[in-house]
Amino acid sequence: MSRVAFLVLCACALTSCAGHQQSAVDPAGVQADRIAHLWWFFFCVLIAIFLAVMAFTLWTLTRRHRGIEQEPLESKHKPSEATESRLTRTVSGLVIATVLVLLVLLVSSITTGKNISELRDKQHGLIIETTGNQWWWQFRYLNDDSNEILITANEIHIPVGRPVMIRGMSQDVIHSFWVPNLHGKRDLIPSRITEEWIEADHPGAYRGQCAEYCGLQHAHMVFWVIAEPPEKFKHWFDSQLQPAATPTDPDKLRGQQVFLKNACVFCHAIRGTTAAAQNGPDLTHFGSRRTIAAGTLPNTPGNLGGWIVDPQNVKPGNHMATIAVNSEDLQPLIDYLESLK
Amino acid sequence: MNRSDHVTPTTGGEARELRLLEQAWRHPRGIFGWLSYTTHQAIGLRYIVTAFIFLLVGGIEALLMRIQLAVPNNTFLSPDRYNEIFTTHGTTMMFLFAVPVMEGMGIYLVPLMLGTRNVAFPRLNAFGYWMYLCGCIFLYWGVFTNAAPDAGWFAYPPLAGPQFDPGKRVDFWAQMITFTEVSAMCVAAELIATIFKMRAPGMTLNRIPLFCWSMLVQSFMVIFAMPSIMIASSFLLSDRTLGTHYVNPAEGGDPLLYQHVFWFFGHPEVYIIFIPALGFVSHIISAHSRRAVFGYPAMVLSVVATGFIGFGLWVHHMFATGLPQIGEAYFTASSMMIAIASGAQIFCWIATLWTGRLRMTTALHFVFGFIAIFVFGGLSGLVLASVPLDLQVHDTYFVVAHFHYVLIGGALFPLFGAFYHWFPKMTGRLLNEALGKLNFWVLFIGFNLTFFPMHILGLKGMTRRIYTYPPEMGWGAANHLATIGAAIIALGGLLFIANVLLSRRRGQIAGDDPWDADTLEWAASSPPANYNFEYLPVASSRSPLWDPPEERAIVTGLRNDRREALVTTLMDAEPHHRYVLPGPTIWPLITAIAVTVGFAGSVFNGWYIFWGAGLTGIGLIGWFWPRRPLELKP
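Residues numbered from 1 in each chain as written. Chains lettered and ligands numbered in written order. Predicted model: local features only at pLDDT ≥ 70, side-chain atom pairs only at ≥ 80, totals over all residues.

1. A look at the overall build of chain A
Helix and strand counts for chain A come out as nine helices and twelve strands. Radius of gyration (C-alpha) of chain A: 28 Å, far over the 20 Å computed for a compact globule of 341 residues. C-alpha atoms of chain A, sized along the principal axes, occupy 100 × 45 × 40 Å. In chain A, which comprises 341 residues, the proportion classed as buried is 41%. In chain A, 64% of the contacts between residues at least 6 apart in sequence involve partners at least 24 apart. (Helix = DSSP H or I, 4+ residues; strand = E, 2+ residues; numbered from the N terminus. Rg over C-alpha atoms; globule rule 2.2 N^0.38 Å. Buried ≥ 20, exposed ≤ 12 C-beta atoms within 10 Å, placed from the backbone. Contact = placed C-beta atoms within 7 Å.)

2. Concerning the overall build of chain B
Within chain B one finds 17 helices and four strands. Its C-alpha radius of gyration of 25 Å places chain B within 12% of the 26 Å reference for a compact globule of 634 residues. Here the C-alpha coordinates of chain B stretch approximately 80 × 60 × 50 Å along the principal axes. Within chain B, buried positions represent 60% of all 634 residues. If you take every contact in chain B between residues at least 6 apart in sequence, the share linking residues at least 24 apart comes to 79%.

3. Things to note about the nonpolar core
Counting 294 residues, the largest nonpolar core has V101, C212, C348 and V367 of chain B as the members making the most contacts within it. Filtering out sequence-adjacent residues up to four positions away, V367 of chain B remains in contact with V281, I284, I285 and G417 of chain B. (Core = buried A, V, L, I, M, F, W, Y, C linked by C-beta atoms within 7 Å.)

4. Concerning the sheet that holds strand β5 (residues 164-170) of chain A
Picture the strands of a sheet paired through backbone hydrogen bonds; they go either parallel or antiparallel. Residues and elements named next belong to chain A. Sheet architecture is open: five strands sit in the order β3-β2-β1-β5-β8, paired in mixed fashion. Looking at the sheet topology across the chains shown, the edges are occupied by β3 (150-153) and β8 (194-198). Here the strands of the sheet are splayed against their neighbours by 25 degrees on average, with no regard to which way each runs. As paired elements, strand β2 (residues 136-141) and β3 share four bridges and run antiparallel to each other. Bridge pairing links Y141 to L150 in β3. (Pairing = 2+ DSSP bridges. Axes fitted to C-alpha atoms, helices over the stretch in contact; angles between N-to-C directions.)

5. Concerning the interface of chain B and chain A
Interfaces are frequently sized by the accessible area removed from exposure as the parts join. Contacts between the two partners involve 72 residues from chain B and, on the opposite side, 73 residues from chain A. Secondary structure elements with two or more residues in the side of chain B that touches chain A: α4 (79-114), α8 (255-288), α10 (325-355), α11 (362-385), α12 (387-393) and α14 (433-459) of chain B. Counting residues per element, the side of chain B that touches chain A draws most heavily on α10 of chain B, which supplies 18 residues. Of the residues in the side of chain B that touches chain A, the class split is 45 nonpolar, 19 polar and eight charged. (Nonpolar A, V, L, I, M, F, W, Y, C, P; charged D, E, K, R; others polar.)

6. Considerations on the sheet that holds strand β10 (residues 222-228) of chain A
Residues and elements named next belong to chain A. Read across the open sheet, the three strands follow the order β4-β10-β9; overall the sheet is mixed. Each edge of the sheet is formed by a strand with only one pairing partner; in this case those strands are β4 (155-159) and β9 (204-209). Strand after strand, the sheet turns through a mean of 25 degrees between neighbouring axes, direction not considered. Pairing of β4 with β10 involves five bridges; the strand directions are parallel. Bridge pairing in β10 places I158 opposite A227.

7. A closer look at the packing of α8 of chain B against helix α9 (residues 296-309) of chain B
In helix packing, the relevant descriptors are the interaxial angle and the interaxial distance, both defined with respect to the helix axes. Residues and elements named next belong to chain B. The geometry of α8 relative to α9 is characterised by a closest axis approach of 11 Å and an angle of 175 degrees between their N-to-C directions. The pairing of α8 with α9 is recorded here as roughly antiparallel in orientation. In this structure, α8 uses Y271, I275, L278 and S282 to contact α9, whose residues at the interface are M299, V303, T306 and G307. Classifying every residue of the contact of α8 with α9 gives five nonpolar, three polar and no charged. (Parallel < 35°, antiparallel > 145°, perpendicular 65-115°, else oblique.)

8. Looking at helix α7 (residues 210-242) of chain B
All names here are of chain B. Taking 1.5 Å of rise per residue, 33 residues should cover 48 Å, and α7 covers 46 Å from first to last C-alpha, within 8% of that figure. Along α7, the largest kink reaches about 30 degrees and is centred on I223; proline P227 follows within four residues of it. In the segment just after α7, G243 is the residue with positive phi, at about 80 degrees. (Expected span 1.5 Å × (residues − 1). Bend = angle between axes of the 7 residues up to and from the residue.)

9. Thoughts on the confidence of the model for chain A
Residue and element names in this part refer to chain A. Within chain A, residue pLDDT values average 89, and 90% of them lie at 70 or more. For chain A, per-element mean pLDDT is lowest for helix α1 (residues 2-15), which scores 44, and highest for strand β6 (residues 175-177), which scores 97. A low-confidence stretch, residues 1-18 (pLDDT under 50), is modelled with 21 contacts involving residues beyond four sequence positions or located in other chains. Throughout residues 66-72 the model reports pLDDT below 50, and contacts reaching past four residues in sequence, or to other chains, amount to twelve contacts. (pLDDT = per-residue confidence, 0-100.)

10. Re the confidence of the model for chain B
Residue and element names in this part refer to chain B. In this model, chain B carries a mean pLDDT of 93, and residues with pLDDT of at least 70 account for 97%. Segment residues 1-7 is flagged for pLDDT under 50; beyond a separation of four residues in sequence, or across chains, it makes 15 contacts in the model. The complex model carries a pTM of 0.94, and its ipTM stands at 0.92.

11. Points about the domain arrangement of chain A
Residue and element names in this part refer to chain A. Segmenting chain A into domains produces domain 1 (24-58 + 86-118), domain 2 (122-241) and domain 3 (250-338). Here the C-alpha centre of domain 2 lies 32 Å away from the C-alpha centre of domain 1. Counting from both sides, the interface comprises nine residues of domain 1 and, opposite them, 13 residues of domain 2. (Domains from an automatic or database assignment.)

12. Side note on the environment of L443 of chain B
Residue and element names in this part refer to chain B. With respect to the secondary-structure elements, L443 resides in helix α14. For L443, a count of 24 C-beta atoms within 10 Å corresponds to the buried category. In this structure L443 touches I489 and G492, once residues within four positions along its chain are discounted.

13. Topic: the environment of P544 of chain B
Residues and elements named next belong to chain B. For P544, the location among the structural elements is in the loop between α15 (476-506) and β2 (553-554). Assessed through the 24 C-beta atoms surrounding it within 10 Å, P544 is described here as buried. For the pair P544 and A517, spaced 27 residues apart in the sequence, the C-alpha separation amounts to 9.6 Å. If we skip the residues at most four places from it in the chain, P544 touches L520, P537, A539 and R552.

14. Let's talk about unusual backbone geometry
Residue and element names in this part refer to chain B. Backbone torsion omega between P157 and P158 reads 0 degrees, so that peptide bond is classified as cis. For P158, the position within the fold is in the loop between α5 (122-144) and α6 (169-197). Here the bond from S526 into P527 is cis, since omega is -10 degrees, no more than 30 degrees from zero. Within the chain, A155 stands out as a residue other than glycine whose phi angle is a positive 45 degrees. Within the secondary structure, A155 is located in the loop between α5 and α6.

Quick look at the structure:
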């Protein structure tokens, strides 16, 4: 029913977002689905009210007071008693109707909120600690077994059908974790820990973005959530737990040396090498990610070269240092980083 | 009290009295004299004109943002510049345009509607305006010295704190708040005193014009809300300049405390802006539909209820911070409750239009535009009141669309209607109606073209305050449309300016009461004399000018050789005593400059607080220097 009303009203405008990767009305998760249902309910009720009020308002222009007995206003400026009491009845009725409609909306909203908050499973849920940084995301898959803790950045994979808790924190200013296809947003606040449960019900790649203004590059603080069937997720997780393989061919080996001998190691970690700093994104499996610079550019060798040579040009104001890399060292460095699958 | 129709000086005695009155209320000459005005019409107009200039400035900022967002990956503005511009746009529109313009309209219209000669505290009134002007200059001093604030009009710490926003940018923002809040408090105090104590005899509480009720509620809201933002900006300023840690999480301060205190002001702020607009709507509807607004008690109670409930729903700006669920349910309910009060008013207006004899003037066009846009914006507000829905649309373009619908639809459209309605009172000439209707349609179409697509953008995931977006997001078309709409709005603005400039010189002469309206301001001449009324009127009913002339009465017995006004009782407006209002004086300006030295200097050096306080002391001594009472002069 709601779909029908929606299609009639703004079919071309909103349907174009079908299959979109960052849309609140194209849910791919349990929570987002309930919110979308509530949205369509609100949408129909509110549009109906709007149309009714507009019809009444415009009718005042055309109606010319038919059926209402009143003295000529021009001289007395005063409608008759009968008219006024009829108006009083109508307006009181409308106010009561308003109260009832609001009650319905209130109850539906609180019920949905309550249902969503029950969609949590501390026993079997996956816990991902999410830390907001200006302007990138650090993700830590928590586990009681310290060998199973995985640190990654700007891209997470989650198993379909399993609740995932986002344990939100911030390193600097307030950020907000938001993947509209999966759930609403939750702020990441320094000195506090926030919590949000998501659960994907379709496999797919969903784009998320920081939703709380966090400074210069707020626009480029993007991450991806890849929802996969559990087996595929397990495979990904296990491969990500592995340290980076030491390259065998001389070109990539040289790239590794360039990385380790430059200032890169002050911020980045590559497990399996001596680079272990956590001030910037962990690059252990950098080559497997879709984007670089927190969703700013697709992860291609060309873009990576441009990003390393002049990060301020790609993402002005970001905190990555510009490092003078010799032109003959650049290609090996790119090859090395892209090989970190 | 005498009974009389329109009083004209027929005898020599009356002519002499009129001459004395003219003399007592005459403006001093010269630039120095111009700076000393204390009449409410002059100061109200200064507020309105200044605020309108800042509407244009804020509008230009909006256009720059729309150009940047018109196409994906645009490089028209750098991220830094974009962040400065959106912060300055929000700050300008809220603090330098919307609140002051409503205050200006209040200062201009309230004494006329109440049938008195001036506001209760004319010097405080002048001081409030100078403080506002200094605040405007202060903020734009920062903007033009490359220190425009860039942390958003809400300046959340820690982003706005010293660590993440070094330099003076946020200091300019936070101190500008202090200026405008001092000004708003001055206006609130004097309007409350004026409305309570200076009403025309006979204007009992249930005869107060609806616009005055609006200003009364708005003034009380200012008094309760503004201290809250003063505390928030003081937290921020002292963290930034004195090294305290009120809201610095790194040292145990709480950034959420700031958000609570900010929104305890920030939400009522919206009502502070739009409650006066509700008053405009009532007056325009009643004058142009030829009947008094239906349901006066319901209208008054709704406005008062809005004023109260407005303080109980600030948390709906903070749903995403993760608050306890029971609290969220409470704030959902209170946010929805406000719709009952707004709904009741909308129904009363429609009932009035329904049974009135409509005269489709430009002012009434703007009221119809208001109903359409405001109802839409109010309904989308219900989406934001619902916690699950808010979590999706919060901080997206859906919210941008919503609050422009309620603020432009709810406040700016009525304001334009009010300009068309009261311009003849202010200038003596009517605005051009044909140009006015064109003006309305251009604004209405431009507005919807700009802001309607933003609802869809928000649902499609476009977050706020981003300076650019990649093409593959599919946001390009709607953004492009919005930019075209913004250009149309700009055209509408130009049409209005053209109409004002044209009509100011060549407009049709209005006469005292061009609309045959019902409230007392239309009994004064157009433009009103400095003393408003030669004889103070008596309010015989809620619509005194629609009463038969033989029932109208006037007040006599006030002395005309000094600025004397009548003080009446709070409930029944019985004449109580005569009150001498102060005349023109330069001291409010000098005091405002002294305060400005303290406020502006303290951003750079804390000691300026003391220099400023000393100078202010001197200003106040001059201000309150005893003057010889007029009676003792020969």
